[in-house]
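# Chains, contacts and geometry: an overview
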Amino acid sequence: MANDTRTRILETTGLLLKQRGYHGTSLNDILGASGAPRGSLYFHFPGGKDQLVIEVTRNSVADVTKRLGEALAAESDPAVAVHHIYQSVGRMLEDNDFSLGCPIAPVVLDSPTDVPELAELCRSAFEQWIGLLRQAFVRAGVPERRAHALALLVESSLEGLMVIARATRDRAPVLAVADEVAALVEQAVLAGKVARHADAAI
């Protein structure tokens, strides 16, 4: 029962954070939506709201990192993997009726600089996600500098597209950009192969 209460509090907080951000989510909101008594919340999370939000954010980041890593590892061609990632994001948005997007974007936009650990978690999350994309591109032969730029492009376009899709209640923009970005990645991979062959021929 105790674990059920703890899980319920975490799940409720995660949902509210995605909908309202850090400053828009109060302990009273969490208690009301989860149905948990105030004493249970402080029993499981003696640090209060900040401890709770940090744990939820850490879990969300770990989940996205795991799924992104698996998606990139599942395909030898990073262009195909990237296309699948955009498609997955489109399905996710449609499945939740365009009510939820990136789990940490609302927290970042709230600028929680007064909670250093939370701010660091958000910074580190983007560093991890961009790093996974960059590594996949480098493995496919894209030069490091271009691989980093492409990874930034993929991550930033996904973040922006989630906002656009939620505003328009349509996943079509995500799918349209998927084709364009996948084509860019494919071109970068081919250019890397050509450069390697040219170097080998010298």
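Let me sum up the structure you'll find in this document. (Residues numbered from 1 in each chain as written. Predicted model: local features only at pLDDT ≥ 70, side-chain atom pairs only at ≥ 80, totals over all residues. Heavy atoms only, no water.)

## Description of empty space enclosed by the protein
Within this structure, the stated rule accounts for one cavity of 30 Å³ or more. Taken as a whole, the largest cavity encloses approximately 40 Å³ of empty space. Mapped by element, the contributors of at least two residues to the lining of the largest cavity are α1 (2-20) and α4 (48-73). A breakdown of the residues in the lining of the largest cavity according to their chemical character gives four nonpolar, three polar and one charged. (1 Å grid on protein atoms, 1.4 Å probe; cavity = no way out; pocket = protein on both sides within 12 Å on 5 of 7 lines; lining within 4 Å. Points joined across faces, edges and corners; volume = space filled by probe spheres on them. Helix = DSSP H or I, 4+ residues; strand = E, 2+ residues; numbered from the N terminus. Nonpolar A, V, L, I, M, F, W, Y, C, P; charged D, E, K, R; others polar.)

## Digging into the packing of aromatic side chains
The full count for this structure, using the stated rule, is one aromatic pair. When the ring of F126 is compared with that of W129, the centres are 5.5 Å apart and the planes differ by 80 degrees; the resulting orientation is edge-to-face. Placement of the pair is F126 and W129 together in helix α7 (residues 116-139), with a separation of three residues, close to one helical turn. Here K49 stacks its cationic end above the ring of Y22, 4.2 Å away from the centre of that ring. (Phe/Tyr/Trp six-rings, centres within 6.5 Å; stacked < 30°, edge-to-face > 60°. Lys NZ or Arg CZ within 6 Å of the ring centre and 35° of its normal.)

## Here we look at helix α2 (residues 27-34)
Taken as a whole, α2 has its buried residues at L27, I30, L31 and S34. Around the axis of α2, the buried residues are gathered within 95 degrees of arc, so they sit on the same side. In α2, those exposed residues whose orientation departs by more than 90 degrees from the buried face are N28, G32 and A33. Once α2 ends, the next one or two residues include G35, with phi positive near 75 degrees. (Buried < 20%, exposed > 50% of the residue type's maximum accessible area, 1.4 Å probe, protein only. Arc of directions from axis to C-beta.)

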